[in-house]
Amino acid sequence: MEEITLSLIDRKNVIAPGELEARMNRAAPLLAEVVAGEARYQPFLGWHSVDESAGPERVRWLRQQADRVRADGDALVVIGIGGSNQSSRAAIKALRPKDGPAILWAGNTISACEMARTLEELDGYQSIYIDCIAKNFETLEPGITFRMLRQYLEKRYGPEDAARRIFAAGTPGSSLEQLCIDYGYTFLEFPERVGGRFSVVSDVGLFPMAVAGIDIMAITDGMRHMRDRLFSEPAQSNLALRYACIRKLMLERGYSLEMLSFFEPRLDYFAKWWVQTFAESEGKNNTALYPVVASNSEDLHATGQFVQQGSPILFETFLQVRQRDASVIFPHDDKKDYFDYLEGKDFWDINDIARKATMEAHSERGIPCLNFSIPAIDAHTLGQLYYFFLFACYLSCKLLGVNPFDQPGVENYKGYMFKNLGKPEGMQ
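Structural notes, computed from the coordinates. Note that the structure is a prediction, hence the values are computed from the model and not measured.

**Notes on the sheet that holds strand 10 (residues 369-374)**
One open sheet accounts for 5 strands, arranged 1-10-9-7-8; its pairing is mixed. At either margin of the open sheet sits one strand with a lone partner, and together these are strand 1 (5-9) and strand 8 (290-295). Averaged over all neighbouring strand pairs, the angle between strand axes comes to 20°, with direction disregarded. Bridging between strand 7 (residues 257-262) and strand 9 (residues 314-321) involves 6 bridges; their strand directions are parallel.

The structure is reproduced here in structure tokens:
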């Protein structure tokens, strides 16, 4: 099986020869702690083994539930915000299944215009299902969207038919589960020991993927493959430890941004998931790298200028796709448009040459460039990437000395918002 690899181009020797290896050796005890799963973080490690929250039996059950939607549904609305919907949206956008219901996204904004547009768009579908994702059913955006859309279904199909069309993923014992019990909705489990940005390893991320037609068994097999690799690789060659130590050294050298760059727009939403995972996990105690994204070649004509000649505040992490999964040959044309030199060339090769040229130009400027080379954009590889970045993020947070699993800053604005909205004190 082809593996994911990581290489570094560092022409300015930002990291001195031998320094990375020495840092990785010193960090070996931290790697051992992450592999074991620390006692202090046990309430948040339901994703760590994969099998606890996404074992084969659970995956089979999720596929059965998804098949029920796929049998007569032509649209599933996924209601969620933040980590709760980023992972499934990333996979669906990357893999673009060709059959099955349309997957719509809601509950990630409070915009009146977007709510009106969603309701109008739903009128164009015949058979609609919804999936509300809300761990403890306290977050405003999915909560109010769920009310709007379940009332829409009840008016359109009647209460009984609407109930069979409603799925909800929440923590057992939450008020969301009680709603499901009271009104006959199908309850999906948002495991107590899995946080939102780690929830791809659970019903939360896997159910919408299955409805879309993605092979979620291949996703979870990929996760296990990467789990086994990272658990068994020694510190000196461990892929996640190498990545985490490079990032920490870059931060120490004064770099403040990490840019994830790729040349496949299919990865746009995977990049958003990556940003969510690292920004929310690491951004504490006045430290951490700020994660940003370049979707190329489009962004080469925008932020590419800053990268080439702006403030030297970032290093770049490239995602390279090795497998050629499409072919479009540039044709001959009698009209004089001055692109004849490209005739007979494949768009795939042109795109890859642009990627190589970008790495060459940016590294020549002195920007440190990491390159993740992945076998393909498929379910098994995405599963590997999900687990890799979750594991690496946990490890990276330990190098920074911050808690990987809380997000106290996110809660700050909510207090002001709920006060101004008139939410009674003490209400869940």
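Next comes the rest of the description.
**As for unusual backbone geometry**
The step from Asn296 to Ser297 runs through a cis peptide bond, and the omega angle for that step is 15°. In this structure, Ser297 sits in the loop between strand 8 and helix 14 (303-309). One non-glycine residue, Asn286, adopts positive backbone phi at about 60°. Along the chain, Asn286 falls in the loop between helix 13 (268-282) and strand 8. Given a relative accessible area of 85%, Asn286 falls into the exposed group. Despite not being glycine, Ala288 has its phi angle at roughly 100°, a positive value.

**Some thoughts on empty space enclosed by the protein**
The full count for this structure, using the stated rule, is 3 cavities of 30 Å³ or more. What the largest cavity holds in volume is close to 120 Å³. Phe262, Phe263, Glu264, Leu267, Leu319, Gln320, Val321, Trp348, Asn351, Asp352 and Arg355 together form the lining of the largest cavity. When residues of the lining of the largest cavity are traced back to their parent elements, those giving at least two are strand 9 and helix 15 (347-365). Looking at which element gives the most residues to the lining of the largest cavity, the answer is helix 15, with 4 residues. Class assignment for the residues of the lining of the largest cavity results in 6 nonpolar, 2 polar and 3 charged.

**Regarding the pattern of salt bridges**
For the structure shown, the criterion picks out 32 salt bridges. As a salt-bridge pair, Arg70 and Asp99 come within 3.2 Å of each other at their nearest N and O atoms. Taken as a pair, Arg70 in helix 4 (residues 56-72) and Asp99 in the loop between helix 5 (83-95) and strand 3 (102-106) lie far apart in primary sequence, 29 residues in all. Judged by relative accessible area, which is 25%, Arg70 ranks as partly exposed. Where salt bridges share partners, they join Glu19, Arg23, Lys248, Glu252 and Arg253 into one cluster.

**Observations concerning the nonpolar core**
Counting 98 residues, the largest nonpolar core has Trp47, Met209, Tyr243, Phe270, Tyr386, Phe388 and Phe389 as its most contacted members. Per element, the largest residue contribution to this core is 16 residues, and it comes from helix 16 (residues 379-400). When residues no more than four places from it in sequence are discounted, the contact partners of Phe270 are Ala90, Leu319, Leu382, Leu385, Tyr386 and Phe389. With 26 residues, the next largest nonpolar core counts Leu104, Tyr125, Leu153 and Ala163 among its residues.

Rules used in this analysis
Residues numbered from 1 in each chain as written. Predicted model: local features only at pLDDT ≥ 70, side-chain atom pairs only at ≥ 80, totals over all residues. Heavy atoms only, no water. Pairing = 2+ DSSP bridges. Helix = DSSP H or I, 4+ residues; strand = E, 2+ residues; numbered from the N terminus. Axes fitted to C-alpha atoms, helices over the stretch in contact; angles between N-to-C directions. Buried < 20%, exposed > 50% of the residue type's maximum accessible area, 1.4 Å probe, protein only. 1 Å grid on protein atoms, 1.4 Å probe; cavity = no way out; pocket = protein on both sides within 12 Å on 5 of 7 lines; lining within 4 Å. Points joined across faces, edges and corners; volume = space filled by probe spheres on them. Nonpolar A, V, L, I, M, F, W, Y, C, P; charged D, E, K, R; others polar. Salt bridge = Lys/Arg side-chain N within 4 Å of Asp/Glu carboxyl O. Core = buried A, V, L, I, M, F, W, Y, C linked by side-chain atoms within 4.5 Å. Contact = heavy atoms within 4.5 Å.

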